[in-house]
Amino acid sequence: MTKNQSWRPFLLVSLALCIGTLGTALASPLYPIYQELWHLLPSHITYIFVAYMFGCLATLIFLGRTSNSIGYLRSLQIGLFLVILGLILSVVASNAYWLSFGRFIIGIASGLISTSAMLGLIYTIPDSQKSNAPQLSSIITVIGFGLGPLIGGFIAQFSAQPLVTPYLPIIGVAILSLFSLFSLKTQRIEAQPFSMAPHLELPETQYHAGFFIASLTAFTAFGSFGLFASLAASFVQEVIPWHGPLVSGTAISSILFISAAVQFYAKSMSPVKCIRWGLIAFLLSFILLSLCMSLQWSLLFFLSDIFVGIGHGLGLLGAFGCIHHMSNTQNRAAVMSTYLFIGYLGTIVPIIGVGYLADHFGLATAILGFCFAIGLLCLVLLFWQKKNNLKT
C-alpha cells in the first residue's frame, strides 16, 4: 500500500459503527411519550429498553464469529440493513410489542456492527495509525451511543410528531451508509466455517478472581447507564424543574460524553486503580441519587449524573485493561465474550427489577432499591479487590 493511504474506507466503516450505536439509545428520551400514549407501566418501559440488550446478547452468543465467516464488510451491510428495519418498525409501531420487536432487531444489528466494525477499522485505518485503531473504535462507539438520545431528544422536543420525526434522519443516514459500503473493496481473508455454537471461556485459574471483579464492574457500569437510559426521562420529571425529551436526552448523553473524556485522560492509569476509583464514583453517585429522590433536590441529580459518567469511564477502562492482561491471543475473543455476557446482564436483570418495583411500590422506591443493591455490590467488589491484593 502507498504512503498516502486514503482515509475514505476508514471513515465509511466509522460511519457505519456510529449509526449502529446511535440507533440503540435514540428512543430513550421518548419513553414518557410512549408511556402516556399507550398507558404503559414503568415495567413495560424497562421491557422495551432491555429488548435491545436481548438482541445484543443473542448476537454475542450465537453470531459473534460471523465476520470470520462472511467478512467484516458483509456483516456491516447486514447490520445496517437490520438497523434500518428496526428503526422503521419503531416508526410504525402501534403498541409496546412492536416497539420491543424493533428494539430487539436493532440490538442484533448493533451486536453485528460492533464486532465487525472493530475488525474493519483495523483493516482500513492507514498503517501509520494502526496502533490507535482500538482506541478510535471505543471513542466512535461512545460518540454514537451519546449522540442517540441527544439527537432523539432534540428533534422530539420541537417536533409535532415526536414519535416519528426523530427516527427519520437516522434512517436516511443509515441508508446512505449502507450503499456507501458497496463501493469498498476488501482484502481476501481465509473464511472460517460458519457456526452459531456459543463460545464462552474463562481465563486461567489464577485470574478468576480478577476476571469476576472486572466483569461485575462492567455489570455495574452497564446497569447504572441502563437505569438512566430507561427511566431517566421518567424520574427527571419528578426531581428537576425542566421537562421534555431534550432534558432527559441530554442527561443520558452526558454520562457517555463524560465517560469518553475520563477514558481519554485516565488511559495511563493502572487497570486495578481505574476499577477501584470507578467503583467509588458509582457509590457516590448512588448516595447522591438516593438523596435526590428522598429530598427532591435537583442539584443532586446532576451531581449523580456526573459521577455515573466518571464511574462508567473508569470502570470500563479498568475492566477492559484487566481482561486484556489476563487473556492471550488464543483465548482473548472467548474470554472477552464471557466478560461482555456478564456485563450485558447488568442492563437486563437490575433494570427489570427496577421496573417491577416501580409498578408495585413507586418509582422513588425502585430507584432507592437499585442504589442500595448495586451500591452493596460495589462495596463487595472493593473489599474483594483489596483482599486479593490485585496488581494487574
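All values reported here derive from a predicted model rather than from experimental measurement.

Here is what the cut-offs are and how they apply
- Residues numbered from 1 in each chain as written.
- Predicted model: local features only at pLDDT ≥ 70, side-chain atom pairs only at ≥ 80, totals over all residues.
- Heavy atoms only, no water.
- Helix = DSSP H or I, 4+ residues; strand = E, 2+ residues; numbered from the N terminus.
- Rg over C-alpha atoms; globule rule 2.2 N^0.38 Å.
- Buried < 20%, exposed > 50% of the residue type's maximum accessible area, 1.4 Å probe, protein only.
- Contact = heavy atoms within 4.5 Å.
- Areas by Shrake-Rupley, 256 points an atom, 1.4 Å probe, with all protein chains shown as cover.
- Lys, Arg positive; Asp, Glu negative; His and termini not counted.
- Charge placed at Lys NZ, Arg CZ, Asp CG, Glu CD.
- Polar contact = N/O pair within 3.5 Å; in protein donor to acceptor, adjacent residues only side chain to side chain.
- Patch = residues over 30% accessible without salt bridge, like charges linked within 9 Å, V, L, I, M, F, W, Y side chains within 5 Å.
- Salt bridge = Lys/Arg side-chain N within 4 Å of Asp/Glu carboxyl O.
- Phe/Tyr/Trp six-rings, centres within 6.5 Å; stacked < 30°, edge-to-face > 60°.
- Lys NZ or Arg CZ within 6 Å of the ring centre and 35° of its normal.
- Core = buried A, V, L, I, M, F, W, Y, C linked by side-chain atoms within 4.5 Å.
- Expected span 1.5 Å × (residues − 1).
- Bend = angle between axes of the 7 residues up to and from the residue.
- Disulfide = S-S within 2.5 Å.
- Axes fitted to C-alpha atoms, helices over the stretch in contact; angles between N-to-C directions.
- Left-handed = near helix turned anticlockwise from the far one by under 90°.
- Nonpolar A, V, L, I, M, F, W, Y, C, P; charged D, E, K, R; others polar.

Looking at the overall build of the protein
Link 1 in the chain: Scanning the protein for helices and strands turns up 15 helices and zero strands.
Link 2 in the chain: Since a compact globule built from 392 residues should have a radius of gyration of about 21 Å, the 20 Å found for the protein is in line with a globular shape.
Link 3 in the chain: Its C-alpha atoms give the protein principal-axis dimensions of roughly 60 × 55 × 40 Å.
Link 4 in the chain: Scored against the burial criterion, the 392 residues of the protein give a buried share of 54%.
Link 5 in the chain: Counting only contacts in the protein whose residues sit at least 6 apart along the sequence, the fraction spanning at least 24 positions is 85%.
Link 6 in the chain: If you sum the accessible surface of the protein, you get close to 17200 Å²; carbon and sulfur atoms cover 70% of it.
Link 7 in the chain: For the protein, the separation between the mean place of its 15 positive charges and that of its 8 negative charges on side chains is 14 Å.

Brief notes about the environment of Arg8
Link 1 in the chain: The topology assignment puts Arg8 in helix 1 (residues 8–22).
Link 2 in the chain: Residue classification places Arg8 among the partly exposed residues on the basis of a relative accessible area of 44%.
Link 3 in the chain: Each C-alpha atom of the pair Arg8 and His39 lies 47 Å from the other, and the pair is 31 residues apart in sequence.
Link 4 in the chain: Side-chain polar atoms of Arg8 contact the side chain of Ser183, separated by 2.8 Å.

A word on a nonpolar patch on the surface
Link 1 in the chain: A cluster of nonpolar residues, Leu284, Ile287, Leu291, Leu295 and Trp297, forms a patch on the protein surface that exposes about 480 Å² of accessible area.
Link 2 in the chain: Mapped onto the fold, Leu284 is located in helix 11 (residues 271–295).

Some words on the packing of aromatic side chains
Link 1 in the chain: Tallying each qualifying case throughout the model produces 13 aromatic pairs.
Link 2 in the chain: On the basis of an interplanar angle of 75° and a centroid distance of 5.4 Å, the ring pair of Phe211 and Phe212 is categorised as edge-to-face.
Link 3 in the chain: Assessed through its relative accessible area of 0%, Phe211 is described here as buried.
Link 4 in the chain: For Phe212, a relative accessible area of 29% puts it in the partly exposed group.
Link 5 in the chain: Among the aromatic residues, ring-to-ring pairing joins Phe228, Phe301 and Phe302 into one connected group.
Link 6 in the chain: Positioned over the ring face of Phe264 is Lys267, at 3.9 Å from the centre of the ring.

Focus: the nonpolar core
Link 1 in the chain: By size, the foremost hydrophobic cluster in this structure holds 115 residues, and its most contacted members are Tyr34, Tyr167, Phe235 and Phe301.
Link 2 in the chain: With 16 residues, helix 9 (residues 208–239) is the largest single contributor of residues to this core.
Link 3 in the chain: Apart from residues lying up to four places away in sequence, Phe301 is in contact with Phe228, Phe235, Val236, Val239, Ile240, Ala251, Leu289 and Cys292.

Quick notes on helix 3 (residues 42–62)
Link 1 in the chain: Helix length check: helix 3 (21 residues) gives 30 Å between terminal C-alpha atoms against 30 Å at 1.5 Å per residue, within 8%.
Link 2 in the chain: Of all the bends in helix 3, the greatest, near 25°, is centred on Val50.
Link 3 in the chain: Judged by how many residues are buried, helix 3 sits mostly within the fold: 16 of 21 residues are covered.

Topic: unusual backbone geometry
Link 1 in the chain: Phi at His39 takes a positive value of approximately 55°, unusual for a residue other than glycine.
Link 2 in the chain: On the accessibility criterion, His39 (70% relative accessible area) is exposed.
Link 3 in the chain: Not every positive phi belongs to a glycine, and Gln296 is a case in point at roughly 60°.
Link 4 in the chain: When you line up the elements, Gln296 lands in the loop between helix 11 and helix 12 (298–325).

What to know about the environment of Ile61
Link 1 in the chain: By secondary structure assignment, the location of Ile61 is in helix 3.
Link 2 in the chain: On a C-alpha basis, the gap between Ile61 and Thr338 in space is 9.0 Å, while along the polypeptide they are 277 residues apart.

Considering the state of the cysteines
Link 1 in the chain: In the structure shown here, the tally under the stated rule is zero disulfides.
Link 2 in the chain: Cysteine Cys292 remains unbridged, with the sulfur of Cys371 as its closest cysteine sulfur at 9.6 Å.
Link 3 in the chain: Looking at the unpaired Cys378, the closest cysteine sulfur is the one in Cys371, lying at 10 Å.

Let's talk about the packing of helix 3 against helix 6 (residues 96–124)
Link 1 in the chain: Put simply, helix 3 and helix 6 touch, their axes get as near as 7 Å, and they point 35° apart. Once helix 3 is placed against helix 6, the crossing between them reads as right-handed. Contact residues: Ile48, Phe49, Ala51, Tyr52, Phe54, Gly55, Cys56 and Thr59 in helix 3; Ala96, Leu99, Ser100, Arg103, Phe104, Ile106, Gly107, Ile108, Ser110, Gly111 and Leu112 in helix 6.
Link 2 in the chain: Along the lines of polarity and charge, the residues of the contact of helix 3 with helix 6 split into twelve nonpolar, six polar and one charged.

Re the side chain of Ser14
Link 1 in the chain: Within the fold, Ser14 resides in helix 1.
Link 2 in the chain: By relative accessible area, Ser14 is classed as buried at 9%.
Link 3 in the chain: Filtering out sequence-adjacent residues up to four positions away, Ser14 remains in contact with Leu121 and Ile140.

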